[in-house]
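As a plain string of letters, each chain reads:
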Amino acid sequence: MRRKIIAGNWKMNKTPSETVKLIEELKPLVKNDEVDVVFCVPAVSLIPALEAVKGTNIEIGAENMFYEESGAYTGEIAPNMLTDIGVKYVIIGHSERREYFAETDETVNKKVLKAFEHGITPIICCGESLTQREQGITIDWIRMQIKIAFLNVTAEQAKKAVIAYEPIWAIGTGKVATTEQAEEVCAAIRTCIGELYDAATAEAIRIQYGGSVSAASAPELFTQANIDGGLVGGASLKPDFGKIVNYK
Ligand code: PGA
C-alpha cells in the first residue's frame with residue numbers, strides 16, 4: 001500500500017513570523033501518523049518553519065529550487081542550501097512558475113534530476129489548461145509533461161517521486177475537478193510511469209491531486225485507487241487543512 005502524502009502549498013503567503021504562528025495553530029490539527037504531512041513554505045520561512053515543526057509529524061518543503069549547484073544566478077536557491085537546513089521536499093514546475101517565471105518541461109526535468117542527486121523528494125507538478133481539456137488533449141498533454149520530467153530519472157529515483165496532477169483551471173478557482181476526472185488522469189499518469197519503467201515503479205510512485213481541494217472534496221478524492229493524497233493551496237492556510245489531513 002502506498003502511504004498518502006498531503007502537502008500544503010503556501011505559495012507567496014505569510015511572513016516568517018506569521019508562518020510560526022500558523023504552524024503552532026495547525027500542529028495539533030494535522031496530527032495523523034498514517035499519512036505524510038508536508039508544509040511547503042516560501043524560502044525565507046524555511047528555517048523558522050523547520051524549527052517550529054521539530055518533534056511533530058510535519059515535514060517542511062520548499063516551493064522551488066534551481067538546477068545548478070552554485071554561481072551567478074541572482075535570486076535563486078541551490079539544492080545544497082535546502083539540504084543544509086533539513087528540507088526534504090521541493091515543489092517543481094508548479095503551473096504558476098510555468099506561467100509567471102517561464103519554467104518549461106525541460107527546466108522541470110533538470111530540477112527533478114538535481115533534486116534526486118541531493119536526496120530531496122520532488123513534488124513534480126503537471127496539469128492541463130481549460131482549452132486543452134476542451135480540445136480533448138488532456139491525457140496526451142500530461143503524458144508529454146511526465147515523459148519529459150522523467151528523462152534520465154532512474155526507476156529507483158522515480159519510485160520515490162511524488163507527482164501532483166493539478167488541472168490549471170481548478171487551481172485557486174474553487175472549481176475542483178470531479179472525482180472521475182481526477183482519477184482518470186492520475187490513473188493515466190500511473191500507466192505512463194509503468195510504460196516508462198515497470199509495474200513496480202508504477203505501483204510505488206505517489207500521485208497527488210491538486211486544485212481547490214477542500215475538507216468537503218478530500219475524502220472522496222483521496223480514496224480513489226490512483227490518488228495518493230493532495231497538493232493543497234488555499235485550504236492549507238486554514239484550520240480546514242486539519243480536516244483534509246484527517247480526511248477519513
Ligand atoms: P488551490 O491551489 O488548492 O488553492 O487550488 C493548489 C495548488 O496550486 O497547489
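Keep in mind that what you see is a predicted model, and the values were worked out from it rather than measured. Each chain carries its own residue numbering, running from 1 in the direction its sequence is written. Two thresholds apply to this predicted model, a pLDDT of at least 70 for residue-level local features and 80 or more for giving and counting side-chain atom pairs, whereas whole-chain, interface and lining totals are computed over all residues. Side-chain figures throughout are based on the complete set of non-hydrogen atoms in the structure, without hydrogens or water.

*Asks:* I'd love a proper account of the nonpolar core, names of residues and values included.
*Replies:* With 65 residues, the main nonpolar core has F39, F150 and I189 as its most contacted residues. Ranked by residue count, the leading element in this core is helix α9 (residues 179-196), at six residues. Ignoring any residue separated from it by four or fewer positions in sequence, one finds F150 in contact with N109, I124, A158, A161, I163, I193, L196, Y197 and I205. By size, the runner-up hydrophobic cluster in this structure holds 11 residues, among which are I5, V38, V162 and L231. Buried Ala, Val, Leu, Ile, Met, Phe, Trp, Tyr and Cys residues form a nonpolar core when they are joined through side-chain atoms within 4.5 Å. Relative accessibility under 20% of the residue-type maximum defines a buried residue, over 50% an exposed one, and the middle range a partly exposed one, all with a 1.4 Å probe and only protein chains included. Every helix listed is a DSSP run of H or I at least four residues long, and every strand listed is a run of E at least two residues long, numbered separately from the N terminus. Note on definitions: a residue-residue contact is assigned when non-hydrogen atoms from the two residues lie within 4.5 Å.

*Asks:* A description of the pattern of salt bridges should follow, citing residues and the corresponding values.
*Replies:* Salt-bridge detection follows one rule: a side-chain nitrogen of Lys or Arg within 4 Å of a carboxyl oxygen of Asp or Glu. Per the stated rule, a full pass over the model turns up 19 salt bridges. Its salt-bridge partner being E96, residue K11 comes within 2.8 Å of it at the nearest N-O pair. On the criterion of sequence distance, the pair formed by K11 in the loop between β1 (5-9) and α1 (16-26) and E96 in helix α4 (residues 95-100) is long-range, its members being 85 residues apart. The exposure class assigned to K11 is partly exposed, which follows from its relative accessible area of 23%. Salt-bridge contacts for E117 lead to K114; the nearest nitrogen and oxygen are separated by 3.2 Å. Taken together, the positions of E117 and K114, both in helix α5 (residues 105-117) and three residues apart, correspond to about one turn of that helix. For K114, a relative accessible area of 12% corresponds to the buried category. Connected through shared salt-bridge partners, R2, R190, E203 and D228 make up one network.

*Asks:* Can you lay out the pairing of β1 for me, pointing to particular residues and giving the numbers?
*Replies:* Counted residue by residue, β1 has five buried out of five residues, so it is predominantly covered. Because side chains alternate across β1, one face comprises the buried residues I5, A7 and N9, and the other comprises I6 and G8, equally buried. By the convention used here, strands pair only if DSSP detects at least 2 bridges between them. Both β1 and strand β2 (residues 36-40) contribute to a ladder of five bridges, which runs parallel. Residue pairing in the sheet places I6 in a bridge with V37 of β2.

*Asks:* So what's going on with the pairing of strand β4 (residues 89-92)? Residues and values would help.
*Replies:* Neither face of β4 is exposed, since Y89 and I91 on one face and V90 and I92 on the opposite face are all buried. With two bridges connecting them, strand β3 (residues 58-62) and β4 associate as parallel partners. Looking at the pairing, G61 lines up with Y89 of β4. Looking down the strands as they point away from you, a crossover is right-handed if its path from the first strand over the helix to the second goes clockwise. Crossover β3 to β4 through helix α3 (residues 79-85) is right-handed. In the sheet, β4 pairs with strand β5 (residues 121-126) via four bridges, with the strands oriented parallel. Within β5, the residue paired with Y89 across the bridge is T121.

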